[in-house]
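Here is how the chains run, residue by residue.
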Amino acid sequence: MAEETLVLPHLELRRRTAERDRGLREKVMSLEEAASFVSDGDHVALGGCTMSRTPTAMIWALVRAKKKNLTVSRSIMSSEGEVLYGSGISEHVITSWFSQGIVWGVSKVMRHYTESGQARFDEWSHMSIGLRYRAGAMGIPYMPVRSMIGSDVNARLGDEVKEVTCPFTGERLLALPALNPDIALIHVQRADAYGNAQLDGLQFMDIDMAMAANRVILTTEQIVSNDSIRRAPDQTRIPFFTVDAVVEVPYGSAPHECYGVYEPFFNHMDALAEQTKKDPEAGIKKYLDDFYYGPSSWSDYLDLLGAAEIVDASRRGRSIYND
Amino acid sequence: MTERKNYTASELLAVMSGRILKDGQIVFAGVGIPLLAATLAQGVHAPGLTILFEGGVIGPFVVPGELPPSTNEQRCTRRANMVLPITDVLLLLQRGYIDVGFMGGAQIDRYGNLNSSFIGDPEKPATRLPGTGGGNDISSLTQMIVAMKHEKRRFVDKVDFITSPGFIDGGSSRADCGLIAGGMFRVVTDLAILDFDDDTKEMKVLALHPGVEPDEVRDNTGFDITIPDHVGRTDPPQKDELAVLRNLDPERLYTA
């Protein structure tokens, strides 16, 4: 269960880490098995950013497992945040920006749940979120930052941030509390059975997040051999001992993108925006019925997205490597 | 009635703000008008201008017709020099490598404070907006150019919520808060280019766009704005500027 203190005491952080089996062992499992690593009330950090490398499949599994009271943080939230609110698995989101994407305007689902007081959206600056994970990854309790001070973003966070004076220069800075999530969900292009993860393209906050978290569930487009990892160790971004579960999930970020593999499924995103425009709550619940509760498996979910859409997204995705 | 314009308000915004950028600058850009303007500047007068994206991208070239949907998808990385984690690209602002932060705005006040969080009382908002993203970091840590439509409801006396700080309450209040670097440089609208008084830090009109009269600016601004008697005039968008822009955004996603 999540601690009540804002910053996990250092020895408690180390105790939790010491308890984890960090040996080189295989940890491949199903989405359903991996979902059992998440407890009600956990702080769950999501890798990726906006519509990129979102751990959609793992969120899908958590929704189907009917998790409760999760606090969920991410650099920027897109439609997965709407799924969190709509399904009720989380009523508390910590992020810097929350909408489907700029081209669809302000998320009606986010507006509906936050304006009615049904759900909470704690707003931090983008860099502050990143530095919180980084402090967590560094094993220090706070990180000083020069942004957010003077703004109402700072003021609204109350006691979660503190103004400090630099002991060397006397400058005023803001101290950000370290964030060590109970669990991080990260989707990558490839990983081996031990959890060595290689990710292509944009890294977002995933590496700090993996180091900071007390557990990591890795979903991957493809499981590769440990030999192939060892042939290019410079490409490995997340080491196996931070990882607790590895799940192979092709198209695991759909309808969002996975760098070099597929771009966002724009038609699907358009339809979601349209469906949630008039009655956001009914719209998102229908979406969950159709795409989250309805399918019998992840492949069944992909069937619903449609072969033509998958082909189109994949063709656009691969084009990044074609000059 | 002025002669019929051969460009849209968004195109005017992109052209006018692109002209402010200088060759050799490092520019932290949002998608939409800022990205179009920065790419336009690269094509017309600033080939050595470098664009940075919040998603973790240094020096990409945008492919015409493939404008990225946000600063965080793979389209942002086309022909980039480097990709790096979000936290690290934002830290370049704090380190001082960035000349200009460039973004759009939902609501701005006389001291250049921007609101993209709440319309109305934050405790019971009429509208919950998406929030700061990197806006607060960028405006806290570097010189800012903001491009936005000039409307009374957007140009207010005092923003409902300071998401991204301008000059706070004017005078020295920004530095007094601890924000010792950066600040608002220019606000570019479809009516005018605005800057800030050196002492009071109040917004004022630097130049009016073609065909715009001072009263039009006054009527569309929610506070008393200073318009000097001998206020400057901008040159209308040129053919080559519009051509570059239309090639970049043929579907007019951001310039309709």
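Peer 1: How do you make sense of the sheet that holds strand β7 (residues 172–177) of chain A when you look at a structure like this?
Peer 2: Pairing between sheet strands relies on hydrogen bonds along the backbone, with the strands arranged either parallel or antiparallel. Residues and elements named next belong to chain A. The strand order across the open sheet built from three strands is β5-β7-β6, with neighbouring strands paired in antiparallel fashion. Looking at which strands have only one partner, the edges of the open sheet turn out to be β5 (142–145) and β6 (162–165). Taking each pair of neighbouring strands and ignoring which way they run, the sheet shows an average axis angle of 40°. Sheet topology places β5 next to β7; four bridges connect them, and they run antiparallel. Across the sheet, residue P144 finds its bridge partner in β7, namely A175.

Peer 1: I tried to follow helix α1 (residues 9–20) of chain B on my own but got confused; where do I start?
Peer 2: Along an α-helix, residues three or four positions apart point the same way, because every turn accommodates 3.6 residues. All names here are of chain B. With twelve residues, α1 should reach 16 Å at 1.5 Å per residue; the first-to-last C-alpha distance of 17 Å fits that figure. The complete set of buried residues in α1 reads S10, E11, L12, L13, A14, V15, M16, S17, G18 and I20. As for α1, its buried residues are in contact with α2 (33–44), β5 (100–104), β10 (143–147), β12 (183–188), β13 (192–196) and α7 (239–248).

Peer 1: Got a minute to help me understand the sheet that holds strand β7 (residues 114–115) of chain B in this structure?
Peer 2: Here we have three strands laid out as an open sheet, ordered β7-β6-β11 (chain B), and mixed in their pairing. Strands at the two margins of the open sheet, each flanked by one partner only, are β7 and β11 (155–156) of chain B.

Peer 1: Explanation requested: the domain arrangement of chain A in the structure shown.
Peer 2: Interfaces are often sized by the amount of accessible area the parts lose when they come together. Residue and element names in this part refer to chain A. Per the domain assignment, the segments of chain A are domain 1 (10–127 + 179–224 + 234–321) and domain 2 (142–177). With centres defined by C-alpha atoms, the gap from domain 1 to domain 2 works out at 30 Å. With seven residues of domain 1 at the contact, the number on the domain 2 side is nine residues. Regarding the contact of domain 1 and domain 2, the summed buried area is about 650 Å², with carbon and sulfur atoms giving 62% of it. Looking at the side of domain 1 facing domain 2, the largest losses of area belong to E123, W124 and M127, adding up to 66% of the total buried there. On inspection of domain 1 and its partner domain 2, the count reaches one salt bridge. Its salt-bridge partner being R120, residue E160 comes within 3.8 Å of it at the nearest N-O pair.

Criteria and thresholds
The residue numbering used here restarts from 1 in each chain and proceeds along that chain's sequence as written. As a convention, the first chain written is A and the first ligand written is 1, with the rest following in written order. Only residues with pLDDT of at least 70 get local features here, since the model is predicted, and only at 80 or more are side-chain atom pairs given and counted; chain-wide, interface and lining totals rely on the full set of residues. Hydrogens and water are ignored here; the side-chain numbers use all heavy atoms of the structure. What makes two strands pair is DSSP finding at least two bridges between them. Note on conventions: DSSP H or I runs of at least 4 residues are helices, E runs of at least 2 residues are strands, and numbering of each starts at the N terminus. Where helices are involved, their axes are fitted lines through C-alpha atoms of the stretch in contact, as for all axes, and angles between N-to-C directions lie from 0 to 180°. Expected helix span is given by 1.5 Å per residue-to-residue step, counting one fewer step than there are residues. Burial classes follow relative accessibility: with a 1.4 Å probe on protein chains only, a residue under 20% of its type's maximum area counts as buried, one over 50% as exposed, and anything between as partly exposed. The contact definition used throughout considers only heavy atoms, calling two residues in contact when any of these lie within 4.5 Å. Domain borders in the structure are assigned automatically or taken from a domain database. Buried area is understood as the total, over both parts, of accessible area removed when two parts are fitted together, assessed with a 1.4 Å probe. Any carboxyl oxygen of Asp or Glu that lies within 4 Å of a side-chain nitrogen of Lys or Arg is treated as forming a salt bridge with it.

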